[in-house]
Amino acid sequence: MQKELKKLPKHIAFIIDGNGRWAKSRGLTRSLGHKAGFSRLEKIIKECFYGYGIPIVSIYAFSTENWNRPEAEVNYLMDLFRKYLNKSFLKKYPEVRFNHMGDPNGLPDDIAKKAKNLMDATADRDKFTLNIGINYSGQDELVIAVNNILEEGITHVDRQVIADHLFTHGQPPVDLMIRTSGEQRLSNFMLWQVAYAEFYFPKCHWPAFNSRQLFKALEEYQNRDRRFGAIKEEK
Ligand code: FPP
């Protein structure tokens, strides 16, 4: 595959936006937009791991605000999660550890259980990690972290203590955040983890985000000058 790319992100995150608009422009239902988006998602996740060897991929699949969508759409998405979070994951994604980001308490019990079971079943896998945000909010993630810190009796926090209590504990921060559809906002996704991420906003809707688009995003990432607040030394 595209091995000529030298500087690849260790952690790439996707806000998969535009399924609804993609469907509408074709006279399809929103659920069919999510169907197409899901099939695209599986391809892109596999390409990131097995094509480019990117060790961590994060996906914003369902926010705490998405419950306000029409019931049929929410049900469709919940059924997608039910199908996805089962044993077939183990074979479909060899060497991938699954990590649920989000509050399990707000999810239907069976989905919360499936997510937990899959996390347990893949806990020993250490080559790749797939973080999926379902019932996720970046602000809630911080609130949950702070409450856990308090419950543990910790009386002084620093950045490391907070990072250690996030859903992504033990993982490096996001290097590259991609949001499709031309929208240029974070929508409460991984607020802490994107502190020094590079952002990339392709205009296409998520179901149209293909291998070529992924390559373009990674190619653009090569050319970004990441200084992390410092300056480049003059030679
Ligand atoms: C954004 O498009 C997409 C979503 C809110 C949900 C996307 C979720 C999936 C495709 C399912 C993923 C499933 C698994 C198992 C990981 P939008 O509906 O907001 O698009 P619009 O802004 O054009 O209306």
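Residues numbered from 1 in each chain as written. Predicted model: local features only at pLDDT ≥ 70, side-chain atom pairs only at ≥ 80, totals over all residues. Heavy atoms only, no water.

K.L.:
Before we go on, may I ask you to explain the site of the ligand in this structure?
P.N.:
The immediate surroundings of the ligand are formed by 18 residues, with Ile16, Gly20, Arg21, Arg30 and Arg69 found nearest. Burial of the ligand by the protein chains amounts to 92% of its free accessible area of 620 Å². Placement of the ligand is best described as lying within the largest pocket. A per-class count over the shell around the ligand returns nine nonpolar, five polar and four charged. (Near = heavy atom within 4 Å. Areas by Shrake-Rupley, 256 points an atom, 1.4 Å probe, with all protein chains shown as cover. 1 Å grid on protein atoms, 1.4 Å probe; cavity = no way out; pocket = protein on both sides within 12 Å on 5 of 7 lines; lining within 4 Å. Sits in = over half its atoms within 2 Å of the grid points. Nonpolar A, V, L, I, M, F, W, Y, C, P; charged D, E, K, R; others polar.)

K.L.:
Explain the pattern of salt bridges to me, please; I cannot follow it from the model alone.
P.N.:
Where charged atoms of side chains with opposite charge meet at close range, the side chains can pair. This structure, assessed with the given rule, holds 16 salt bridges. Ionic pairing is found between arginine 226 and glutamate 198, a salt bridge with its closest N-O pair at 3.7 Å. Placement of the pair is arginine 226 in the segment after α8 (211-222) and glutamate 198 in strand β6 (residues 198-200), with a sequence separation of 28 residues. Here arginine 226 and glutamate 198 have matching classes, each one buried. Each of Asp17, Arg21, Arg179, Glu183 and Arg185 takes part in one network of salt bridges that share partners. (Salt bridge = Lys/Arg side-chain N within 4 Å of Asp/Glu carboxyl O. Helix = DSSP H or I, 4+ residues; strand = E, 2+ residues; numbered from the N terminus. Buried < 20%, exposed > 50% of the residue type's maximum accessible area, 1.4 Å probe, protein only.)

K.L.:
So what exactly am I meant to see when it comes to empty space enclosed by the protein here?
P.N.:
Over the atoms a probe the size of a water molecule is rolled, and this reveals where empty space is left. All told, the structure shown has one cavity of 30 Å³ or more when counted by the stated rule. Here the largest cavity defines a volume of roughly 30 Å³. Considering the residues around the largest cavity, the lining is formed by Thr64, Gly102, Asp103, Asn135, Tyr136, Ser137, Asp140, Glu141, Ile144 and Phe167. Mapped onto the lining of the largest cavity, the elements with two or more residues apiece are β4 (128-136) and α6 (138-151). (Points joined across faces, edges and corners; volume = space filled by probe spheres on them.)

K.L.:
Would you take a moment to explain the pairing of strand β1 (residues 11-15) for this structure?
P.N.:
Side chains on a regular strand alternate between the two faces of the sheet. Most of β1 sits out of view: five of its five residues are buried. Burial along β1 is two-sided: His11, Ala13 and Ile15 facing one way and Ile12 and Phe14 facing the other are all buried. Note: β1 against strand β2 (residues 56-63), five bridges, orientation parallel. Note on β2: the bridge partner recorded for isoleucine 15 is tyrosine 60. (Pairing = 2+ DSSP bridges.)

K.L.:
Is there a simple way to explain the layout of surface pockets in this structure?
P.N.:
A volume near 610 Å³ is recorded for the largest pocket. If you trace the largest pocket, you find 28 residues lining it, with Ile16, His34, Tyr60, Ala61 and Asn66 closest to the centre. Going through the elements one at a time, α1 (19-24), α2 (30-51), β2 and α3 (71-84) are the ones with two or more residues in the lining of the largest pocket. The element contributing the most residues to the lining of the largest pocket is α2, with five residues. Across the lining of the largest pocket, the residue classes tally to 13 nonpolar, eight polar and seven charged. Along its surface, the second largest pocket is lined by 20 residues, and Ala163, Pro173, Trp192, Gln193 and Ala195 are the ones closest to its centre.

K.L.:
I'm lost on the packing of aromatic side chains in this one. Help?
P.N.:
In this description, an aromatic ring pair is defined by two values, namely the gap between the centres and the angle between the planes. Under the defined criterion, the tally for this structure stands at 19 aromatic pairs. Pairing tyrosine 60 with phenylalanine 189 gives two aromatic rings, centres 4.2 Å apart and planes at 10°, and the pair type is stacked. On the criterion of sequence distance, the pair formed by tyrosine 60 in strand β2 and phenylalanine 189 in the loop between β5 (176-179) and β6 is long-range, its members being 129 residues apart. Of the two residues, tyrosine 60 and phenylalanine 189, neither departs from the other in class, the shared state being buried. Three or more aromatic residues joined by ring pairs form one cluster here, namely Phe38, Tyr84, Phe89, Tyr93 and Phe98. Between the NZ or CZ atom of lysine 7 and the centre of the ring of tyrosine 221, over which it lies, the distance is 5.4 Å. (Phe/Tyr/Trp six-rings, centres within 6.5 Å; stacked < 30°, edge-to-face > 60°. Lys NZ or Arg CZ within 6 Å of the ring centre and 35° of its normal.)

K.L.:
How do you make sense of the sheet that holds β6 when you look at a structure like this?
P.N.:
Strand-to-strand pairing in sheets goes through backbone hydrogen bonds, with the strands running parallel or antiparallel. One open sheet accounts for six strands, arranged β3-β4-β2-β1-β5-β6; its pairing is parallel. At either margin of the open sheet sits one strand with a lone partner, and together these are β3 (96-101) and β6. Recorded for the sheet is a direction-independent mean angle of 20° between the axes of neighbouring strands. (Axes fitted to C-alpha atoms, helices over the stretch in contact; angles between N-to-C directions.)

K.L.:
Mind showing me how you'd approach the side chain of asparagine 131 here?
P.N.:
Position of asparagine 131 relative to the elements: it lies in strand β4. On the basis of relative accessibility, which here comes to 0%, the residue asparagine 131 falls in the buried class. Polar contacts involving the side chain of asparagine 131 include one to the side chain of serine 58, which spans 3.0 Å. Residues contacting asparagine 131, with those up to four places away along its chain left out, are His11, Ile56, Val57, Ser58, Ile59, Asn99, Met101, Thr168 and Gln171. (Polar contact = N/O pair within 3.5 Å; in protein donor to acceptor, adjacent residues only side chain to side chain. Contact = heavy atoms within 4.5 Å.)

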